[in-house]
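So you can see what is in the structure, the chains are spelled out below.
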Amino acid sequence: MVKAILGLLAVITAGFSTVYVKDFRKNQDKNKQGILKTGIFIGFITDFLDAIGVGSFATTTGILKLNKNIHVPDKVLPGTLNVAHTLPMIVQAFMSLNSIEVDLLTLISMIIAAVVGSWVGAGIISKLPEKKVQLTMGIALVGTAILIVLGQFELMPSGGDAMGLSGVKLAIGIAGNFVLGALMTAGIGLYAPCMAMVALLGMNPKAAFPIMMGACAFVGPIASIKFVKEQAYEREISMGITIGGVVGSILALLFVTNMPVYWLKWLVVAVVSYTAVTMFKAGLSKDDAMELNQVS
């Protein structure tokens, strides 16, 4: 059954890759080759960190905001994150999905829920005005920072021994992953909240890995195809991150085990918190500007 899931994922990946590469080749700006190369470096770092458990969405957002040579409009930032990291996430899923056995009904139903949520979310996020995207991203980043801090202080739920869910708990898990799939399209990573939810429902934390990696692997191309068709992403930086991210993910999963990331996660909290503040300031300042225009 896992082979069937991976086979379906391969088909979806091929479809997304065709749409993604075709759009890039048709619309690429050759004057932005420097941005493409910078994206490769960013993708290598962020997806290397993603593969060892730090995450990629929040770190990428922070780096893009701190790098003054790259301008990614906040309105298309969620689409850029999703499109850029889709193929690296799929690589991680292919390399990790066979390593842990989890109840198939739980795995498949929660993956489908996340995919449906992402399809709904991508359609909404891609059409939101920039101010609302900024405020949504700010909230998402704050949530990410809180989850990392809770993990650092070992305040996250420890979970139980179950490798699957049934009855009411399964229904809660499905509903929860639907919401997380939608939130992923707004720029909040699915890994940390999915792990917390799985543990709260009494599952073994190890069971979260195939669920969250499988969900992200399917959510990524489904949502990203919509972002590409809506032209709601930055092409050059996205393609660069994709290329570097695939390489970084493979190297991390092949050669890095048990890398200490405690202090690295505190650095991520600092960068994410700073980025959240800038998002809130940008979003709220637009309200002030609109009020001044209305008065004048």
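Residues numbered from 1 in each chain as written. Predicted model: local features only at pLDDT ≥ 70, side-chain atom pairs only at ≥ 80, totals over all residues. Heavy atoms only, no water.

1. Quick notes on the nonpolar core
No. 1: One finds Leu190 and Ile211 to be the most contacted residues of the largest nonpolar core, which totals 76 residues.
No. 2: Residue contributions to this core peak at 13 residues, all from helix 9 (residues 208-229).
No. 3: Beyond its immediate chain neighbours, meaning those up to four positions away, Leu190 contacts Ala114, Leu180, Gly181, Met184, Met212, Ala215 and Cys216. (Core = buried A, V, L, I, M, F, W, Y, C linked by side-chain atoms within 4.5 Å. Buried < 20%, exposed > 50% of the residue type's maximum accessible area, 1.4 Å probe, protein only. Helix = DSSP H or I, 4+ residues; strand = E, 2+ residues; numbered from the N terminus. Contact = heavy atoms within 4.5 Å.)

2. What to know about the packing of aromatic side chains
No. 1: Summed over the entire model, instances satisfying the criterion amount to 4 aromatic pairs.
No. 2: Note on Phe16 and Tyr20: the rings are 5.3 Å apart at their centroids and 25° apart in plane angle, and the pair reads as stacked. Placement of both Phe16 and Tyr20 in helix 1 (residues 2-27) is noted, with a separation of 4 residues, approximately one turn of the helix. Summarising the burial analysis for this pair, Phe16 and Tyr20 share the class buried.
No. 3: Lys226 extends its terminal NZ or CZ atom over the ring of Trp119, reaching a point 3.9 Å from the ring centre. (Phe/Tyr/Trp six-rings, centres within 6.5 Å; stacked < 30°, edge-to-face > 60°. Lys NZ or Arg CZ within 6 Å of the ring centre and 35° of its normal.)

3. Comments concerning the environment of Thr278
No. 1: The topology assignment puts Thr278 in helix 11 (residues 262-295).
No. 2: When its relative accessible area of 25% is taken as the criterion, Thr278 is described as partly exposed.
No. 3: Separated by 144 residues in the primary sequence, Thr278 and Gln134 place their C-alpha atoms 8.9 Å from one another.

4. Notes on the UniProt feature "transmembrane region" (unreviewed entry) in the chain
No. 1: The feature "transmembrane region" (unreviewed entry), as annotated in UniProt, sits at residues 41-64, 104-125, 137-156, 168-201, 207-225, 237-256 and 262-280 in this numbering.
No. 2: Across residues 41-64, helical content stands at 79% and strand content at 0%; the span's end C-alpha atoms are separated by 12 Å.
No. 3: Helix makes up 95% of residues 207-225 and strand makes up 0%, while its end C-alpha atoms are separated by 28 Å. (UniProt positions renumbered as here; feature names shortened; annotations may be inferred.)

5. Let's talk about helix 1
No. 1: A rise of 1.5 Å per residue sets the reference length of helix 1, with its 26 residues, at 38 Å; its end C-alpha atoms lie 37 Å apart and thus fit the reference within 8%.
No. 2: Here helix 1 has its buried residues at Ile5, Leu6, Leu9, Ile12, Thr13, Phe16, Ser17, Tyr20, Asp23 and Phe24.
No. 3: Buried residues along helix 1 sit against helix 2 (33-51), helix 4 (77-96), helix 5 (104-125), helix 9 and helix 10 (235-255). (Expected span 1.5 Å × (residues − 1).)

6. Let's talk about the packing of helix 5 against helix 9
No. 1: Contact geometry of helix 5 with helix 9 gives a least axis separation of 8 Å together with a crossing angle of 30°. In terms of axis orientation, helix 5 runs roughly parallel to helix 9. Of the two elements, helix 5 crosses helix 9, and the hand of that crossing is right-handed. Where helix 5 abuts helix 9, its residues Thr106, Leu107, Met110, Ile111, Ala114, Val115, Ser118, Trp119, Ala122, Gly123 and Ile125 lie against Pro210, Ile211, Gly214, Ala215, Phe218, Val219, Ile222, Ala223, Lys226 and Phe227.
No. 2: Residues that form the contact of helix 5 with helix 9 fall into these classes: 16 nonpolar, 4 polar and 1 charged. (Axes fitted to C-alpha atoms, helices over the stretch in contact; angles between N-to-C directions. Parallel < 35°, antiparallel > 145°, perpendicular 65-115°, else oblique. Left-handed = near helix turned anticlockwise from the far one by under 90°. Nonpolar A, V, L, I, M, F, W, Y, C, P; charged D, E, K, R; others polar.)

7. Section: helix 8 (residues 191-200)
No. 1: Most of helix 8 is tucked away, with 7 of its 10 residues classed as buried.
No. 2: Of all the positions in helix 8, only Tyr191, Pro193, Cys194, Ala196, Met197, Val198 and Ala199 are classed as buried.
No. 3: If you follow the buried residues of helix 8, they end up packed against helix 2, helix 4, helix 5, helix 6 (130-152), helix 7 (167-184) and helix 9.
No. 4: At the exit of helix 8 stands Gly202, carrying a positive phi of roughly 90°.

8. Re a nonpolar patch on the surface
No. 1: The grouping of Phe94, Met95, Val247, Ile250, Leu251, Leu254 and Phe255 at the surface amounts to a nonpolar patch, some 620 Å² of accessible area in total.
No. 2: Among the secondary structure elements, those contributing two or more residues to the nonpolar patch are helix 4 and helix 10.
No. 3: Here the element with the most residues in the nonpolar patch is helix 10; it accounts for 5 residues.
No. 4: One can find Ile250 in helix 10. (Patch = residues over 30% accessible without salt bridge, like charges linked within 9 Å, V, L, I, M, F, W, Y side chains within 5 Å. Areas by Shrake-Rupley, 256 points an atom, 1.4 Å probe, with all protein chains shown as cover. Salt bridge = Lys/Arg side-chain N within 4 Å of Asp/Glu carboxyl O.)

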